[in-house]
Amino acid sequence: MTESEYYPLLIPLAPLAAALLTALPRGLVGEMNYRLGVLCHVAALAVSVQVLHVATEPGRPAPDLHLFNPPLSDPLRFVFHIDRLAAVMMVVIAGIGTLIYLYSLRYMRQESGRARYHTLLALTVSVLLCMVSSGNLLLLFLCWQLLSWLLSFLAYNHVHPPTARGAFRTFAMLRVGDVAFLAGIVLAYGLYGTLDLQELFARAARTQDTFSFWQGGPELRGSTVVTLLIFVGAMSKSAQVPLHLWLPDSLYAPTPVHALLHAGIINAGGFLINRLAPLYGASPSTLHLVFAVGLCTALLGAGMMLTQNDIKKTLGYSTIGQMGYMIMECGLGAFALAVFHLIAHGLFKATIFLNCGNVIHLARQEPRRPERHDASAPPDDNEGAGFSTVTWLTGFVTTLILPLIILLAAHGALSLPMRDSQGAVIFLFFSWVTSSQAILTLYRVRAIASRKVAALMLATLVAVVLTYLLAAEAFTYFLYPAPGEVGFYFQAAALPSWLFDGIVAVTSFFVIVGWMTLYAKSRGRTISLPGRLPERMGRLRIRLYLFLINRLYLDTAALALDRTATGFVRRLDQSRLFTALAAAAALTALFGSLDAVLRLPPETAWLLAFAVVTMPLFPFHGLYLAALTRVPGTLPVALAMLPAVGWTALSSLPAGLPPELWRAVGMLALISAVYGSLKALAQFRVRRLIAYTGLVLFALLWWHLASSGGDTSHATRYASAAMLATGGLLLAWHAVQVRFGNLDMDRIGGLARTMPRFALMLSLLAMAAAGLPPFGLFFGFIDMTLNSHVTALTAGLVVVLLAWFGASFYVFRMLQRLLFGPPRTDLLYNDLGRAEIASLVIVLVALIGLSIWGIEPSVQTAALTHGSRTAMELESP
Amino acid sequence: MTAPVTTAPSTPPERGRHTDTRRMHLRGLLLIAGEIVATYWPMRTFVHHNPLHGLEDLPFDTAVRRARQLLGGEGYLPNRVYRDYLLAGRIRPWELDQAFAPLTQDKRATLGARPVTHAEVLRAHLLHGITAPSEDSLDAVVVRHHDRDRIRELASHLAPVVAGPDVRDQMTAAVEAERTGLGRTQTMAAWCDRLLAADLTARIDREMIKWCEAFLDEGHAAWSMPGRERGFFGAWRWLAAQERSPCGIADSRRKIAALPERPDDALLDSLDALAVPEAAWPDYLSRHLTALPGWAGFIKWRSDQTDYEWQQIYPADLLQYLAVRVWYERELVHKSCRKSLGIDGNLHAIAADMSAQSHRYFLLRERGNGHLPAAYATALDRLRYGRVSTDGYRQLADRYAAESGPRREQTARLASAWRLLTLARVLGIDPSSLIQTAPEELRTVLGWLDAFPETEHGPVWLRAFESGYRQALIQQLAGAQQAAPLPASTPDATTSRHQAQAAFCIDVRSESFRRHLEAVGDYDTYGIAGFFTVFIRFRGLGLHHDTDQFPVIMKAKNSVREVIRTYHSQLISRHEAGSTLLHAGHALLHDLKENVVTPYVAVESLGWFYSLPFIGKTVFTAWYQAWAAQLRRVFVPKVATTVTVDKLTRVDVNEMLAAEQRSIIRQALQEQFGDRHLNLSLDRLEFLRKKALEEPLGNQQPPKGSLTLEEETTFVIDLRRTYRINPADAFARMERITRIGFTHAEQLFTVETALRLIGLTKNFARLVLLCGHGSTSDNNPFEAALDCGACGGNSGRPNARVLAAMANRPLVRAELAKKGIVIPQDTYFLAGQHDTTTDQVELFDLEEIPHTHQKDLIRLIRDLEEVGRRNSRERCRRFPEIGVALSRAKAARQTLRRSGDWSEVRPEWGLSGNSAFIIGRRELTRGSDLNGRVFLHSYDCREDQTGRLLEIIMTGPQVVGQWINMEHYFSTVDTEVYGSGSKIYHNVVGRLGVMSGPQSDLRTGLAWQTVMDGVRPYHEPMRLLVVIEAPRERISQIIRRHRLLQHLYHGEWVRLVALDPYERMFYDYHPVTGWAPFPFEYGA
């Protein structure tokens, strides 16, 4: 591969450059930087068009571009896989990104924080481009997570409390998906030993691992579990019920953000399934679930859309429905069609969102009038035209037959495999209803008054649908040119025949009933139903309306859950019993390995004791906690490096610990992760919160050590990153403390507006501490988890992942409390000085540095020993 | 307040059975309570209004203060903005001195070695805002202060005179304040929120927004709320009784089903259950209304619109709204009190509990206000989660008092020391000398500062801010009027006539346009409220609804329609077919989108076409607009139209209707029996028509048709039902048609009033242009705010066309001549519309202009084009991102681009900047550049000896001007509460207004982008300055006659200056002392 073939990497890099340009201080370049930003986007678009052009060449293998070429041991590799799917997605994203960037130039004029907005926008585009072109699952996941983070910051108006709450919910919901995704990755790595996509597909096709969650439980194929977990990730990004709750809350953002969100970010789910098509294609049970989730979301989303009374929520729920349809298409095996759909929908939705202020214009042109309920009122004088049965019936029959003919002709003529699959029938159904509705509408608006007009419109309709079908078919074969591939996916997605027949029967029934009602209504009559049926139907209708307008009562449930959980955590925090119980549990765990402890050589015992005290492990975390919370001044920042002592002690253990002791330590680590997380959730004082964050972070480290039998080679990076992150947070908090005193978290607010530089630093540090890329903690954690010899979804792994998830929860909440909301008027604000910025920047650079330099080949030590294996086996049940 | 110890039951026994007196009483109080909420018109016709309209009977400052309590909005700019104005020279120092002079006392104190006056200290406070930072951050501030030792030293020096608050005293006082304030200064829900951290108000708001959105929706939702014909309360009662309570009220279905049917009974029940005393009802209900003032304001508007269709069918009013809202509150408060305090949620029970457990409430209050340190808050929580014990609270409170007392005292001293040092620095006093000053002296100075807190600075700054502008404007006018002394009587016909005369709207945007028009040629311009005294309901061509073309404070009884003029039949049919096609296309798209199943395939197949507008509108804005307009023209060609000014006689209407019905019958016959040989003769059609309308047929023999009798009967029934040829419909149509147009007398009256009002009674030019105005902007929910406020937020085109048509009627002119207004034969009235966004003027009904005026017309058109370019140039300079003078062509392109750009949040500045209203002759202002900030109403006092015309102007256009001014004022000083915040979050709801984000109150004011230029205000918020050129006595008389005007002038909502036309002296109007010569500051 020559150097020149690396030019596609320019595509994600150009918007990144734009982001950096817009982040430059105003005085330096003035308004020029925005223009340059546009240029960068246009460049990205141009290059991606070129890439698409190249990718279209038939028979050309998709290249893998390696940015770094580390040894194979490292699962994260910067590999870019530019195939047709990636090229298409890049053109779409770069195009839409460019247009939205341009639109925002005027739309966001003079807004405070405009530079931040444009930076984030360009960054999002860059991350999206990186995501669609990545050839490594972990790299894809990295971008996936950055999106969660960026999205919650694009909410923009942080002075407004509901916006901040919405951002929080967005982040939390997306993190749910992230955690499941990560679990899937850990499993996949455990099963197949690689995360490079092409290699992964190849190995997955070869191995037929089975997998069960508990002993004697139902056996599932490895790929099924992996795809299921990853699908949860897709569900959260693509707003599938019930993980859709964040989408309506995100509507507090400025309008162009919605355009980007609804045309770009939210499609990630559909893209992901396409990217992993070989995996999904090999897991029919996952596909059935995907279909069910998609169908539910499509119907519920559209249902909720109907009851909305404002334009943005209408569009938001409409997107949920559309995403449901896209996912449903995936579930039917029509992977390529999902991509076709997401592009069409993206263009459609972005345009409508950007134009949504025009509703008032329309309302001025054509104000609606209420439906009269009493017949005595004078009728509208413009609805007086006629109605003819003959023409109507013709329309009715055409409606029924037309789509059938079109579809059959289209598929028959092109001899596509669709005829053998059920998927086609379901699309047929959707098309059929759509065209029926179209014709019904034409009659309703009396376009028949002019037959010519009606004929014209029908012809247009036919042409459009026909073009669409042809285009969709062509697109399918463009994306999946390999012979038999498309058919294979369709076959995989085929439902059991009884279920399928049932679905067809039920839906047909509903459609025909609906048609009859509509027909009767347009004839000015109502169908008289027997008995109490009409009354029941009416009541059902009301119930359904209330169900939909209350958004399935899910928001309520989420709020109630939130309130209960907060109350519970605070109560736990107040209760002295909690600590006592946790300590008792810990001691019980220790008690079992008392023998082992006593048998330790004294030197080892001392070192171990030293380690658990300085590198906090429940219940020996008191010193660490006190060092971080009780010591005045900047000293705690230095004390945050205390675990380094423990780490050194641990690495210098002359001989490994016995396995049963590691087992006990593993238990302690899990207890300490749970304890620390719960405590951190309840804290209002920043230093205590940071201290408990540290406890959790090191608990994860202990768990890794325990499950890998004391192998420290994969955890060095994590350990140093954890220390740096906590220390950095303490340092940042110190800057606040010297300004306003040691106030509680909720007594400060709005620092984002009043101390922007501090806000930037703190949010980056929080990002690092919450274990998000591109900081060392994330890479360290991944490195650690993947090397903890997990081949199953053990309880330990679940706890660890949840603790990792929890960190983003309370760290993000702290961030929100400090930065967001309206600023207090009675505080004297002054932003960070040079020295303060410099020290924080050093921490941040070190954190990022850890992620880059840490990629060097990690020494495969002899730690993969018998001891660690046993520890694993002991833990698993 | 003495509270009964027994807890009142949450539902009184006599529930739902209230006496009529009580209901009437409630309704009466509700009227008072509702005053605070400003009426909100739907955004289709954005009406600039005063957000404090209901408080206009109070003086301005008082009203602002009251609104701050209830609505939480600021009534003045932030002090730092005023300070910036001072630095920039916009406020001059002596103006500020004058403004706070009334507050100064003749007192002195000595700081260090230097004597300082009261005025000096106040000025320092105004200029530098000497307020100490908050208590909880003060320590940190002092530690970082460069002079920290001196602050500490001074603090201890102050020890004898500055005592901290005694916490024990505070404890009793605080609980007492809570008890008496309960139900008066805050709602019970707000009380629970603050003391129990219960989050009730947000929950109630969420439910109320949900129901308001659903009920008030005007056709947005595809599946709209069922049962709305039961009214707001009825529909809610019906539906909510079937839903699971989303806000967590247990057993809500049964409780709601058991509510009384009448909303007033339900509200009385709820108020009784909360035990709010009757005396507190108005305040209490006001507070509930101001929780969501936007939605409440819209309901208030609807309840006044008895002839509004949505209101007729789906009635809503504030009583129903409150009945729902207070019910939620009652249930949630009860639940919250039960859970957290173990008592019933009513005022008696809470008051009793507060007396019994004052320590506990004191601690809760301290925490609610954010004073309680974390350690205490934790302890409090522990007490709360544990068993309730009074002793525990007492001990905690005592400990808190013992510990926080000294700390607070120290803080108070530090704060005082900090302030004194700052003051010394500002006044240039050596800080070290402060320590030598007697503490009592320092205390005095601190007292001065305390008596004038920063929250009170606003009124002072505003007065200073206004006086500068007033001086400048009056001096400018004084300079101009020297040159144009008023002749004793209006000049008689002179030999030379103006090239043309033009009447524009009083709108501030007309000022610059008029100035440029007068500069390009020999034009004479007039200002008149943009509805041109024509009160009409207007229906545009092809539209199905009327617009109200008059100020919203008035009513109309005439209606006018736009109809096709041309006889070019092919064009007409193409136009009609095109309209149908477009309509059908829209309906189709709409139906496909609003469905459960169809949107998906529709989007997949049609979505790609959206890339066209997406790319076109963003990248090739101007081209795309032009191309789209052209495409539209191809489908729907433009046809010439005219307006129906004259009334039709009944006979005409009858004949017209009959012809129309016959044509429908003919079509129906052909449609249904097309293949048969039909008798379509007039007689036959007439026979069927009469039969369908059940008109007497007489003994006329039915003409032979080819239909059987049954067929004929069915056909007639069909005619009645589906083709709407029936007596009821015919009658309704007849009624509607006869309301159209003006009688001859009405026309005469209208034209005469309009001409006299502006003093155009002689010297008519050959062309008189009546120029209304409108605007063009894309993707702008506020587009109506840019249109003519005098036409109720519509474009002024129909009014101009109607008045021009009337004034061109020979009959009208003949009658006018009898009344002394002689319009020459060759004077032609021409209607036009100024597009304020693009500065283009469109002229109407040019088909009717005589050939003789061809050359005048062409010259006028050319001049108007030039004026448009010049005006664009002037306006472009004001856009912050341009800022410089562009070339005329560039400016024209720029304005055109702005009007069509979908990403443009500021298509034009609109009425921003408006600050004065001048009623007088053009001679007063001709040639002065008033910067597009002044409403100009032409008025010649010599034409109006009785003062009737002035009265019309002062009570009509002037009030409209004041509303516009106040809307801008309040939207600027508080863009979030009175304005509607930034446009980038706006979300159009129910086709009637905007919210911010997915759920919020209805945003009622102007957008941030409309009044603000980045962080600085573009609109300088000042109260309207009205200058009237008329004898003082005449003005005074009119004021005496109108309470409204008294409120405005005496309450200082408007500042009034009169120019005596004969003395040529300016007089200032004082609320108390009356007229006084205007205090000029020559060369000051």
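Just so we're clear, the structure is a prediction, and the values are computed from it rather than from any experiment.

### Quick notes on the overall build of chain A
Here is step 1 of the chain: Counting secondary structure elements, chain A contains 39 helices and four strands.
Here is step 2 of the chain: Sequence separation of 24 or more characterises 81% of the internal contacts of chain A that already satisfy a separation of 6 or more.
Here is step 3 of the chain: For chain A, the exposed area adds up to about 32,800 Å²; of that, 69% sits on carbon and sulfur atoms.

### Topic: the sheet that holds strand β21 (residues 1074–1077) of chain B
Residue and element names in this part refer to chain B.
Here is step 1 of the chain: Read from one edge to the other, the open sheet built from six strands follows the order β13-β12-β18-β19-β20-β21, with strand pairing classed as mixed. Looking along the sheet, the strands with just one partner apiece sit at the ends: β13 (934–938) and β21. With strand direction ignored, the average angle separating the axes of adjacent strands in the sheet is 25°.
Here is step 2 of the chain: When strand β18 (residues 1024–1029) meets strand β19 (residues 1054–1060), the two strands line up parallel, connected through six bridges. Following the sheet pairing, V1026 is matched in β19 by L1056.

### Quick word on the environment of H359 of chain B
Residues and elements named next belong to chain B.
Here is step 1 of the chain: Looking at the secondary structure, you find H359 in helix α19 (residues 358–368).
Here is step 2 of the chain: Considered as a pair, H359 and M171 are 188 residues apart in the sequence and their alpha carbons are 7.4 Å apart.
Here is step 3 of the chain: When sequence neighbours within four positions are dropped, the list of residues in contact with H359 reads M171, Y393, R394, A397 and D398.

### Comments concerning the interface of chain A and chain B
Reports often express the size of an interface as the amount of accessible area lost when the parts come together.
Here is step 1 of the chain: The interface is formed by 126 residues belonging to chain A together with 134 residues belonging to chain B.
Here is step 2 of the chain: Summed over both partners, the interface of chain A with chain B buries about 12,000 Å², with 60% contributed by carbon and sulfur atoms.
Here is step 3 of the chain: By the criterion of area lost to chain B, the three top residues of chain A are N309, R364 and R368 of chain A, representing 7% of everything that side buries.
Here is step 4 of the chain: The interface formed by chain A and chain B holds eight salt bridges in total.
Here is step 5 of the chain: We note a salt bridge from R106 of chain A to D901 of chain B, for which the minimum N-O separation is 2.4 Å.
Here is step 6 of the chain: In this assembly, chain A and chain B are joined by 53 residue pairs in polar contact (both at pLDDT 80 or more).
Here is step 7 of the chain: Residue contributions to the side of chain A that touches chain B peak at twelve residues, all from helix α16 (residues 335–354) of chain A.

### Section: helix α4 (residues 84–107) of chain A
Here is step 1 of the chain: In this model α4 of chain A runs 34 Å from its N-terminal to its C-terminal C-alpha over 24 residues, within 8% of the 34 Å that 1.5 Å per residue would give.
Here is step 2 of the chain: Extensive coverage of α4 of chain A is indicated by the burial of 22 of its 24 residues.

### Examining the pattern of salt bridges
Here is step 1 of the chain: All told, the structure shown has 111 salt bridges over all chains when counted by the stated rule.
Here is step 2 of the chain: A salt bridge links D787 of chain B to R364 of chain A, with the shortest nitrogen-to-oxygen separation between them at 2.8 Å. With D787 of chain B in the loop between α34 (783–786) and α35 (797–807) and R364 of chain A in helix α17 (residues 359–365), this pair bridges two chains. Both residues of the pair, D787 of chain B and R364 of chain A, count as buried.
Here is step 3 of the chain: Put simply, E686 of chain B and R662 of chain B hold a salt bridge, and the shortest N to O gap is 2.6 Å. Placement of E686 of chain B in helix α30 (residues 682–692) and of R662 of chain B in helix α29 (residues 650–673) is noted, with a sequence separation of 24 residues between them.
Here is step 4 of the chain: Given the relative accessible area of 18%, E686 of chain B is considered buried.
Here is step 5 of the chain: Linked by salt bridges that have partners in common, R106 and R109 of chain A together with E881, R897, R898, D901 and E904 of chain B make up one network.

### What to know about the environment of R869 of chain B
All names here are of chain B.
Here is step 1 of the chain: By the element assignment, R869 lies in helix α37 (residues 854–878).
Here is step 2 of the chain: For the pair R869 and R893, spaced 24 residues apart in sequence, the C-alpha to C-alpha distance is 9.3 Å.
Here is step 3 of the chain: In contact with R869, not counting residues within four places along its chain, are R888 and A892.

### A look at the confidence of the model for chain A
Residue and element names in this part refer to chain A.
Here is step 1 of the chain: Looking at chain A as a whole, the pLDDT averages 81, with 81% of positions reaching at least 70.
Here is step 2 of the chain: Confidence drops under pLDDT 50 across residues 409–420; counting only partners more than four residues distant or on other chains, this segment forms 18 contacts.
Here is step 3 of the chain: The low-confidence segment residues 855–877, where pLDDT is below 50, has 31 contacts with residues more than four positions distant or belonging to other chains.

### Observations concerning the side chain of H258 of chain A
Residue and element names in this part refer to chain A.
Here is step 1 of the chain: Following the sequence through the fold, H258 ends up in helix α11 (residues 255–263).
Here is step 2 of the chain: Looking at H258, its side chain comes within polar contact range of the main-chain oxygen of L251, at 3.4 Å.
Here is step 3 of the chain: What H258 contacts, discounting residues up to four positions off in sequence, is S250, L251, Y252, A253, A263, K312 and F353.

### A look at empty space enclosed by the protein
Here is step 1 of the chain: Put simply, the second largest cavity is a space of about 140 Å³.
Here is step 2 of the chain: Together, 14 residues line the second largest cavity, and Y107 and G357 of chain A together with N779, P781 and K983 of chain B are the ones closest to its centre.
Here is step 3 of the chain: Element by element, the count of residues in the lining of the second largest cavity is highest for strand β14 (residues 986–989) of chain B, at three residues.
Here is step 4 of the chain: Along the lines of polarity and charge, the residues of the lining of the second largest cavity split into six nonpolar, six polar and two charged.

### Brief notes about a positive patch on the surface
Here is step 1 of the chain: A cluster of basic residues, R563 and R571 of chain A together with K335 and K339 of chain B, forms a positive patch at the surface.
Here is step 2 of the chain: Listing elements by their share of the positive patch, those giving two or more residues are α24 (554–574) of chain A together with α17 (318–340) of chain B.
Here is step 3 of the chain: Topologically, K339 of chain B is positioned in helix α17.

### Considerations on the packing of α11 of chain A against α16 of chain A
All names here are of chain A.
Here is step 1 of the chain: Packing of α11 against α16 leaves a shortest axis separation of 8 Å and a crossing angle of 170°. The orientation of α11 relative to α16 falls into the category roughly antiparallel. Listed contacts from α16 to T255, P256, H258, A259, H262 and A263 of α11 are H345, G346, K349, A350, F353 and L354.
Here is step 2 of the chain: Partitioned by chemical class, the residues of the contact of α11 with α16 number six nonpolar, five polar and one charged.

### Focus: the sheet that holds strand β6 (residues 547–549) of chain B
Pairing between the strands of a sheet is mediated by backbone hydrogen bonds and can be parallel or antiparallel.
Residue and element names in this part refer to chain B.
Here is step 1 of the chain: The strand order across the open sheet formed by four strands is β6-β5-β7-β8, and the pairing between neighbours is mixed. In this open sheet, the two strands that pair with only one neighbour each are β6 and β8 (641–643). Each strand of the sheet is rotated relative to its neighbour by a mean of 25°, with strand direction disregarded.
Here is step 2 of the chain: In the sheet, strand β7 (residues 558–564) pairs with β8 via three bridges, with the strands oriented antiparallel. Within β8, the residue paired with I564 across the bridge is T641.

### A look at unusual backbone geometry
In terms of backbone geometry, most residues other than glycine have negative phi values and most peptide bonds are trans.
Here is step 1 of the chain: Note that the residue after V241 of chain A, namely P242 of chain A, is joined by a cis bond; omega there is 5°.
Here is step 2 of the chain: One can find P242 of chain A in the loop between α9 (222–237) and α10 (246–249).
Here is step 3 of the chain: Here N763 of chain B, not a glycine, exhibits a phi torsion of approximately 55°, which is positive.
Here is step 4 of the chain: Topologically, N763 of chain B is positioned in the loop between α33 (744–758) and β9 (767–774).
Here is step 5 of the chain: Given the relative accessible area of 26%, N763 of chain B is considered partly exposed.
Here is step 6 of the chain: The phi angle at D845 of chain B is positive, at roughly 50°, despite the residue not being glycine.

### Side note on the pairing of β18 of chain B
Residue and element names in this part refer to chain B.
Here is step 1 of the chain: The buried fraction of β18 amounts to six of the six residues, a majority that puts the element mostly inside the structure.
Here is step 2 of the chain: Burial along β18 is two-sided: the residues L1024, V1026 and I1028 and L1025, V1027 and E1029 are all buried.
Here is step 3 of the chain: Bridge analysis of strand β12 (residues 916–920) against β18 gives four bridges, and the strand direction is parallel. Across the sheet, residue I919 finds its bridge partner in β18, namely I1028.

### Description of the confidence of the model for chain B
All names here are of chain B.
Here is step 1 of the chain: Taken residue by residue, chain B gives an average pLDDT of 88. The fraction at 70 or more is 95%.
Here is step 2 of the chain: Taken together, the stretch residues 1–13 has pLDDT below 50 and engages in 18 contacts with residues farther than four places along the chain or on a different chain.
Here is step 3 of the chain: The ipTM value of the predicted complex is 0.90, and its pTM value is 0.91.

### Considerations on the packing of aromatic side chains
All names here are of chain A.
Here is step 1 of the chain: Taken as a whole and judged by the stated rule, the model has 68 aromatic pairs over all chains.
Here is step 2 of the chain: Among the aromatic residues, those joined into a ring-pair cluster are W149, F153, F168, F171, F805, F809, F812 and F820.
Here is step 3 of the chain: Above the ring of Y34, the side-chain terminus of R114 is found at 4.2 Å from the ring centroid.

### Examining a nonpolar patch on the surface
All names here are of chain B.
Here is step 1 of the chain: A surface patch of nonpolar side chains, amounting to about 480 Å² of accessible area, comprises L612, W627, L631, V634 and F635.
Here is step 2 of the chain: If you trace the backbone, V634 turns up in helix α28 (residues 621–635).
Here is step 3 of the chain: For V634, a relative accessible area of 53% gives the class exposed.

### As for the side chain of D353 of chain B
Here is step 1 of the chain: Within the fold, D353 of chain B resides in helix α18 (residues 347–356).
Here is step 2 of the chain: Despite its burial, D353 of chain B pairs with no opposite charge; the closest candidate is R360 of chain B, at 4.7 Å N-O.

### Some words on the pairing of β7 of chain B
Here is step 1 of the chain: Where strand β5 (residues 536–539) of chain B meets β7 of chain B, four bridges bridge the pair, whose relative direction is parallel. From the neighbouring strand, R539 of chain B faces β7 of chain B, where its bridge partner is R561 of chain B.

Cut-offs applied
Residues numbered from 1 in each chain as written. Chains lettered and ligands numbered in written order. Predicted model: local features only at pLDDT ≥ 70, side-chain atom pairs only at ≥ 80, totals over all residues. Heavy atoms only, no water. Helix = DSSP H or I, 4+ residues; strand = E, 2+ residues; numbered from the N terminus. Contact = heavy atoms within 4.5 Å. Areas by Shrake-Rupley, 256 points an atom, 1.4 Å probe, with all protein chains shown as cover. Pairing = 2+ DSSP bridges. Axes fitted to C-alpha atoms, helices over the stretch in contact; angles between N-to-C directions. Buried area = accessible area lost by both parts, 1.4 Å probe. Salt bridge = Lys/Arg side-chain N within 4 Å of Asp/Glu carboxyl O. Polar contact = N/O pair within 3.5 Å; in protein donor to acceptor, adjacent residues only side chain to side chain. Expected span 1.5 Å × (residues − 1). Buried < 20%, exposed > 50% of the residue type's maximum accessible area, 1.4 Å probe, protein only. pLDDT = per-residue confidence, 0-100. 1 Å grid on protein atoms, 1.4 Å probe; cavity = no way out; pocket = protein on both sides within 12 Å on 5 of 7 lines; lining within 4 Å. Points joined across faces, edges and corners; volume = space filled by probe spheres on them. Nonpolar A, V, L, I, M, F, W, Y, C, P; charged D, E, K, R; others polar. Patch = residues over 30% accessible without salt bridge, like charges linked within 9 Å, V, L, I, M, F, W, Y side chains within 5 Å. Lys, Arg positive; Asp, Glu negative; His and termini not counted. Charge placed at Lys NZ, Arg CZ, Asp CG, Glu CD. Parallel < 35°, antiparallel > 145°, perpendicular 65-115°, else oblique. Phe/Tyr/Trp six-rings, centres within 6.5 Å; stacked < 30°, edge-to-face > 60°. Lys NZ or Arg CZ within 6 Å of the ring centre and 35° of its normal.

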